[in-house]
Amino acid sequence: MEKIATREAYGKYLVELGKKNPKIVVFDGDLSGATKTSYFRAEFPDRHFNAGIAEADLMGMAAGISTTGLIPFASTFAIFGAGRAFEIIRNSICYSNLNVNICCTHAGLSVGEDGGSHQSIEDIALMRVLPNMHVFVPADAVETRKMIDAALNIDGPCYIRLCRLATNVVLPEDYEFVPGKAVELKKGSDVTIMAIGLMVERALEAAETLEKEGISARVLNMGSIKPIDKAAIEAAAKETGAIVTAEEHSVIGGLAGAVCETLAETTACPVEKVGVNDVFGQSGKALEVLEHYGLTAEHIAEAAKKAISRK
Amino acid sequence: MEDLKAIAKEIRRDIVKSIGKAASGHPGGSLSAVEILTLLYYEKMNVDPKNPKMEDRDRFVLSKGHAAPALYATLASKGYFPKEELDHLRQVGAMLQGHPSMHTPGVDMATGSLGQGFSTAVGMALGAKHQGAKWHTYVLLGDGEIEEGIVWEAAMAASNYGLSNLTAFVDNNNLQIDGAVSDVMNPYPIDEKFKAFGWNVIDVADGNDFDQLRAALTLAEACTDKPSVLVCKTVKGKGVSFMENEVGWHGKGPNPEQVEQALKDLA
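1. Re the interface of chain A and chain B
In many analyses, interface size is given as the accessible surface area lost on bringing the parts together.
Consideration 1: Listed per partner, the contact involves 26 residues of chain A and 24 residues of chain B.
Consideration 2: In this assembly, chain A packs against chain B so that about 1900 Å² is buried in total across both faces, 58% of it on carbon and sulfur atoms.
Consideration 3: Our enumeration of links across chain A and chain B arrives at nine residue pairs in polar contact (both at pLDDT 80 or more).
Consideration 4: For the side of chain A that touches chain B, the secondary structure elements donating two or more residues are strand S1 (24-28), strand S2 (48-50), helix H4 (55-66) and helix H6 (86-94) of chain A.
Consideration 5: Among the elements that line the side of chain A that touches chain B, the one with the most residues is H4 of chain A, at eight residues.

Now the structure itself:
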């Protein structure tokens, strides 16, 4: 099976969308080759604006242009977009509920060799706390395209979190993405694994392993982080009685945070969190870094057993 | 001409009254910018208060968002919303926020976090140029505000994209919260900095003088390949004797006696 990075899927899909909708414009910050907006630039050079190495101004210009009838996609690395330009996203985009699609690449540890300075493990938390913001994390190339379609249908700010690492396609082409809806990828009754991004594939692997040991694990793709599917979380707690969250992000403030906030309002349920445990990442081959920090199917399976033991 | 002066005086009175009622706000930097706003809204900009979202309107961004009372008084004067709203500035449930938000008719961009409005104005001008639209974008910055890094990112972008459809004003009243701008973080020479960033720069010796502002805008309009900036020497607290050039009046509301005195000055 051919692997494809979500950033690659984004870049290619932007070109398709650009052909259909002349109002789509793209802002990048001197990273077009890496974010893959370079494909759009090659096709529509006059609709691709380079902000240079100036992420604050990148977001500010995208905010401004969105009030002129154009539909901006703003791309850079997650660490610089959600991180460095956070307050511009807050005050100039979200506060006014402007229609800006922020598609940040190189999120998470799977950046690999560039190391801790470039591995954004807090962008979901930063974007999730902003009123009006929508936060989507695609599991693969298929979901990337569906989430971009969804973002285009939303008249307001969206943050789509993309990755550098080429990964397997885990969802069928007819997969449907609906903002605010979790998608059940596998039925199960003993524990629910809730995953996002490249951890979805690992969650499915973990569920298979658990099945062989007689443990029935439900797998939910929680790609819509905000709005989040509270009903699916509550049902998982009630029906399976144990939850594992799995994300390529800090265990603080991301998927785990969103799930636990929901549970605190509804149903008591043990939750085991697979993610980055409040530390910075480091350089290495992407898969080795992920393994080093325990972002593996094996680790998810262990976490599932631990969650079950706490019932 | 006399007409504009009378309008400016009324706007100043409304600024003082609204900040006085709120017992909070930024009178100094609101009063210094009145002539710039009056000239734009009464003479220069193609706008329709009855249709604030008119597609081909000229845009105005108050990047120094703390001067909101000046913008609000100008918009109310133009009829964008009833003047009574000015009595409820900064109150819970009221429309007029401490800094401009998009909930107010006539506000083209929410501002207040310094520097960002300038960047968004560059985005607007870029959008207009890209679509071949004829409308113009005006943006007003404070002299303290230009200490923000995003201002120079945006300045670089505006000249990079040749945005001659963008005109900036720097309200150079020489004071920021902690003191004189040259003491806090010296931004001078402001004109040379913008020149170095590729802008058409026009120094305005008295930014509280309509004739000088008008002449400078004519020079700006003659430039068709660069964005223009008018560096306007102004007086902070202009028109109110005890506020003029007083740093203490950057961000506090006058008490009722002070309001009364100020209105006498502005009679």
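2. Observations concerning the domain arrangement of chain A
Residues and elements named next belong to chain A.
Consideration 1: Each domain of chain A was delimited in the assignment, giving domain 1 (6-161) and domain 2 (183-309).
Consideration 2: Computed from C-alpha coordinates alone, the two centres of domain 1 and domain 2 are separated by 26 Å.
Consideration 3: Taken together, the 29 residues of domain 1 in the interface contact 32 residues of domain 2.
Consideration 4: Regarding the contact of domain 1 and domain 2, the summed buried area is about 2200 Å², with carbon and sulfur atoms giving 55% of it.
Consideration 5: Our enumeration of links across domain 1 and domain 2 arrives at two salt bridges.
Consideration 6: Note that Lys285 is salt-bridged to Glu113, the shortest N-O span being 3.6 Å.
Consideration 7: Listing elements by their share of the side of domain 1 that touches domain 2, those giving two or more residues are helix H7 (123-128), strand S5 (134-136) and helix H8 (141-152).

3. Details of helix H9 (residues 199-212) of chain A
Residues three or four positions apart in an α-helix share a direction because the helix packs 3.6 residues into each turn.
Consideration 1: Along its 14 residues, H9 of chain A runs 20 Å from first to last C-alpha, staying within 8% of the 20 Å computed at 1.5 Å per residue.
Consideration 2: Following H9 of chain A by one or two positions, Gly214 of chain A has its phi on the positive side, about 85 degrees.

4. Quick look at the sheet that holds strand S8 (residues 191-195) of chain A
All names here are of chain A.
Consideration 1: Ordered in space as S7-S9-S8-S11-S12, the five strands form an open sheet in which the pairing is mixed. Looking at the sheet topology across the chains shown, the edges are occupied by strand S7 (183-186) and strand S12 (271-276). With direction set aside, neighbouring strand axes in the sheet form an average angle of 25 degrees.
Consideration 2: Taken together, the five bridges between S8 and strand S9 (residues 217-221) define a ladder with parallel strand orientation. Bridge assignment links Ile193 to a residue of S9, and that residue is Val219.

Conventions adopted
- Residues numbered from 1 in each chain as written.
- Chains lettered and ligands numbered in written order.
- Predicted model: local features only at pLDDT ≥ 70, side-chain atom pairs only at ≥ 80, totals over all residues.
- Heavy atoms only, no water.
- Contact = heavy atoms within 4.5 Å.
- Buried area = accessible area lost by both parts, 1.4 Å probe.
- Polar contact = N/O pair within 3.5 Å; in protein donor to acceptor, adjacent residues only side chain to side chain.
- Helix = DSSP H or I, 4+ residues; strand = E, 2+ residues; numbered from the N terminus.
- Domains from an automatic or database assignment.
- Salt bridge = Lys/Arg side-chain N within 4 Å of Asp/Glu carboxyl O.
- Expected span 1.5 Å × (residues − 1).
- Pairing = 2+ DSSP bridges.
- Axes fitted to C-alpha atoms, helices over the stretch in contact; angles between N-to-C directions.

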